[in-house]
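So the chains spell out like this:
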Amino acid sequence: MTLGENKKITLGLIEEYSNANPKLTDDVDIQNRINFLYATNYQELSQRKKILKTKTLKEVTDEKLEEGYTEYTLPSSMYQFKRVIALDEKNKTVDADYYTIGKKKIYINNESNANYILEYYAYPTIITDETDDDFTLELDQDALLILPYAVANDILKTDPSADYSAFLADYSRKLENLNTSISNSRVVIKRNYTL
């Protein structure tokens, strides 16, 4: 979903959407501040429904391997390390031999001839005043459909004649029901029968 598509939902909720206007609304005050309202709410929601990304740090090579460790820089968008997976040339998991120092550096054993893949949680791209409506939002769909309620709440907060509490209540309820797990839990039960 793009920023523009999400804005249409928000503006539709507060009855300010205008499909005849390229800025999506005739209200100049909303036009001027809507991206800033998206920026804060988008960031907050990304901390509840984390953005999981991967990056290949090292690949299997045919070169002669040397002793020691090579330093790799972790992504600047990473705010939380999840794990490193090492895969051999047949994509079978092998023991990963690495260590980290600080938040930005990882050292991988040169003698470990495997693909090293980093899984991490990323900060979202910051939405600024210059961010175009065709920018693709990075959150999952369930979180993106909650975002308009947060933004609608913030738009109407400053309007003394508006009752924004309904949007705040809807946002809070939807946020409480948001599934923040990355995967479903699985349980395998094996039975041993003896006769």
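Below is a short write-up of the structure. (Residues numbered from 1 in each chain as written. Predicted model: local features only at pLDDT ≥ 70, side-chain atom pairs only at ≥ 80, totals over all residues. Heavy atoms only, no water.)

**Things to note about a nonpolar patch on the surface**
Then, number 1: Side chains of M1, I9 and L145 sit close together on the surface and give an oily, nonpolar patch of about 220 Å² of accessible area.
Then, number 2: Assignment of secondary structure puts L145 in the loop between α3 (141-144) and α4 (147-157). (Patch = residues over 30% accessible without salt bridge, like charges linked within 9 Å, V, L, I, M, F, W, Y side chains within 5 Å. Areas by Shrake-Rupley, 256 points an atom, 1.4 Å probe, with all protein chains shown as cover. Salt bridge = Lys/Arg side-chain N within 4 Å of Asp/Glu carboxyl O. Helix = DSSP H or I, 4+ residues; strand = E, 2+ residues; numbered from the N terminus.)

**Structural notes on the sheet that holds strand β7 (residues 115-122)**
Then, number 1: Judged by pairing direction, the sheet is antiparallel, and its four strands sit side by side in the order β1-β7-β3-β4 without closing on themselves. Of all strands in the sheet, those bounded by a partner on one side alone are β1 (51-58) and β4 (93-94). (Pairing = 2+ DSSP bridges.)

**Quick look at unusual backbone geometry**
Then, number 1: Of note in the backbone geometry, E15 takes a positive phi value of approximately 60° without being a glycine.
Then, number 2: For E15, the location among the structural elements is in the loop between α1 (3-13) and α2 (28-48).
Then, number 3: Taking relative accessible area as the criterion, E15 reaches 72% and is therefore assigned exposed.
Then, number 4: For L24, which is not a glycine, the phi torsion comes out positive at approximately 75°.
Then, number 5: Relative to the assigned elements, L24 resides in the loop between α1 and α2.
Then, number 6: Take L24: its relative accessible area is 9%, and that puts it in the buried class. (Buried < 20%, exposed > 50% of the residue type's maximum accessible area, 1.4 Å probe, protein only.)

**Thoughts on the packing of α2 against α4**
Then, number 1: Here α2 crosses α4 at 130°, and the two axes come no closer than 9 Å. With respect to α4, the element α2 is oriented oblique. The crossing of α2 and α4 is right-handed. Across the interface between the two elements, I30, R33, I34, L37, Y38, T40, N41, Y42 and L45 from α2 touch L147, A150, V151, D154 and I155 from α4.
Then, number 2: Looking at side-chain class alone, the contact of α2 with α4 contains 10 nonpolar, two polar and two charged residues. (Axes fitted to C-alpha atoms, helices over the stretch in contact; angles between N-to-C directions. Parallel < 35°, antiparallel > 145°, perpendicular 65-115°, else oblique. Left-handed = near helix turned anticlockwise from the far one by under 90°. Contact = heavy atoms within 4.5 Å. Nonpolar A, V, L, I, M, F, W, Y, C, P; charged D, E, K, R; others polar.)

**What about the side chain of T25?**
Then, number 1: Among the secondary structure elements, T25 is positioned in the loop between α1 and α2.
Then, number 2: Other than its neighbours up to four places away in sequence, T25 contacts L11, E16, S18, I30 and Q31.

**Quick word on the pattern of salt bridges**
Then, number 1: Tallied over the entire structure, the rule returns 10 salt bridges.
Then, number 2: Notably, a salt bridge pairs D29 with R33, separated by 3.1 Å at the nearest N-O pair. You can see D29 and its partner R33 sitting in helix α2, four residues apart, about one turn around the helix.
Then, number 3: Look at the salt bridges and you will find they share partners, linking K49, D140 and D142 into a network.

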